[in-house]
Amino acid sequence: MQLGKKIGVLASGQGSNLQAIIDAEKRGELAGKVSVVVSDNPDAYVLKRAKDNGIKDVVLDSKKFISREEYDQALLKILNEENLDLVVLAGFMRILSRIIVSAYPGRIMNIHPSLLPSFPGKEGIKKALEHGVKITGCTVHFVDEKLDNGPIIIQEAIPILQEDTEETLRERVQAAEHRNYPRAIDLFCRDLLKIEGRRCFIYGPEE
Ligand code: GRF
């Protein structure tokens, strides 16, 4: 397995997606390597996951910066120093400004817990349940300057059951995230994704 691409993960919370990516890497299913984890939250559990797996972890505490631009300049410096091929947002609770997005065009991915463009922003699972849709899911997409908006790489649909609570639905949506995020990252690492306008095409044996 090639270990060509260098991946940086930005995360603010639990880091279950980071764990899924690391696990895929360990199973030899990821043609890349997570080389740094950056969090804006010094207490985030994701930092422990990074440490436990021997991955460099960096805290860039949002409270220590007065503006988004200043924060993103500092973040850009860290990302550039790592010489990353791909930046992966995994529950990063900040919107990236043009400073970062324009420095990594087509090289930043996000995962969102709904079938975009439905239910963007926070609480995608709760919003889907409350709206009464029968099908929701998860979306892996490239990041542009608008919230949860860039070209969609893969989606998985999850039916909403009558007996679902936010908790039971979250369990199934997150399980889908853990299947799809490593897969999308692997496709990127193997140069099998091509963006044309709003569409992202997948090339190679899988399609
Ligand atoms: C995920 O549900 C993801 O869709 C959203 O934030 C959550 C992060 O979870 N963007 P975790 O920190 O990876 O467990």
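Our subject is the structure listed above.
Small disclaimer: the values here were computed from a predicted structure and weren't measured.

Procedures and definitions
Residues numbered from 1 in each chain as written. Predicted model: local features only at pLDDT ≥ 70, side-chain atom pairs only at ≥ 80, totals over all residues. Heavy atoms only, no water. Salt bridge = Lys/Arg side-chain N within 4 Å of Asp/Glu carboxyl O. Buried < 20%, exposed > 50% of the residue type's maximum accessible area, 1.4 Å probe, protein only. Helix = DSSP H or I, 4+ residues; strand = E, 2+ residues; numbered from the N terminus. Arc of directions from axis to C-beta. Contact = heavy atoms within 4.5 Å. Near = heavy atom within 4 Å. Polar contact = N/O pair within 3.5 Å; in protein donor to acceptor, adjacent residues only side chain to side chain. Areas by Shrake-Rupley, 256 points an atom, 1.4 Å probe, with all protein chains shown as cover. Nonpolar A, V, L, I, M, F, W, Y, C, P; charged D, E, K, R; others polar. Core = buried A, V, L, I, M, F, W, Y, C linked by side-chain atoms within 4.5 Å. Phe/Tyr/Trp six-rings, centres within 6.5 Å; stacked < 30°, edge-to-face > 60°. Lys NZ or Arg CZ within 6 Å of the ring centre and 35° of its normal. Axes fitted to C-alpha atoms, helices over the stretch in contact; angles between N-to-C directions. Parallel < 35°, antiparallel > 145°, perpendicular 65-115°, else oblique. Left-handed = near helix turned anticlockwise from the far one by under 90°.

(A) Inspection of the pattern of salt bridges at higher detail. What the rule picks out here adds up to 16 salt bridges. Across the pair R172 and D164 runs a salt bridge whose closest N-O atoms are separated by 2.7 Å. Residue classification places D164 among the buried residues on the basis of a relative accessible area of 11%. In this structure, R170 and E166 form a salt bridge, with 3.2 Å as the shortest nitrogen-oxygen distance. Pair noted here: R170 and E166 are both in helix α6 (residues 166-189), with a separation of four residues, about one helical turn. Given the relative accessible area of 32%, R170 is considered partly exposed. Through salt bridges that share partners, E123, K126 and E130 make up one connected network.

(B) Geometry of helix α2 (residues 45-52). Looking only at α2, the buried set comprises V46, L47, R49 and A50. The buried residues of α2 occupy an angular sector of 160 degrees when the element is viewed end-on, so they sit on one face. Residues of α2 that are exposed and point over 90 degrees away from its buried face: K51 and D52. Packed against the buried residues of α2 are α1 (16-26), β2 (32-39) and β3 (56-59).

(C) Representation of the site of the ligand within the structure. The immediate surroundings of the ligand are formed by Q14, G15, S16, N17, G91, I111, H112, P113, Q174 and E177. Between I111 and the ligand, the recorded distance is 3.1 Å, taken from a backbone N or O atom to a nitrogen atom. The fraction of the free accessible surface of the ligand (360 Å²) that becomes covered by protein chains is 83%. Looking at the shell around the ligand, the elements that each hand over two or more residues are α1, β5 (108-112) and α6. Among the residues making up the shell around the ligand, the classes are represented as two nonpolar, seven polar and one charged.

(D) Highlighting the nonpolar core. Residues I7, V9, M109, I153, Y181, I185 and L193 are the most contacted members of the largest nonpolar core, which totals 34 residues. Residue contributions to this core peak at six residues, all from α6. If you look at the next biggest cluster of nonpolar residues, it comprises 20 residues, including I78, L79, V87 and L96.

(E) Structural view of the packing of aromatic side chains. Summed over the entire model, instances satisfying the criterion amount to two aromatic pairs. A centroid spacing of 5.1 Å and a plane angle of 75 degrees characterise the contact between F65 and Y71, whose relative ring orientation is edge-to-face. By relative accessible area, which is 1% here, Y71 ends up buried. The ring of Y71 carries R94 above its face, with NZ or CZ at 3.7 Å from the centroid.

(F) Layout of unusual backbone geometry. With an omega of 10 degrees, the peptide bond running from L116 to P117 counts as cis. Topologically, P117 is positioned in the loop between β5 and α5 (124-131). Its identity is not glycine, yet D191 carries a phi of approximately 55 degrees, on the positive side. According to the relative accessible area criterion, D191 is exposed, its value standing at 58%.

(G) Highlighting the packing of α5 against α6. For the pair α5 and α6, interaxial distance at closest approach is 10 Å and the crossing angle is 120 degrees. Comparing their axes, α6 and α5 come out oblique. Crossing handedness for the pair α5 and α6: right-handed. Every residue of α6 that contacts α5 at I125, K126 and L129 is listed here: E166, L169, R170 and V173. Tallied by class, the residues present in the contact of α5 with α6 amount to four nonpolar, no polar and three charged.

Scope: geometric values only; no functional claims are made or implied.
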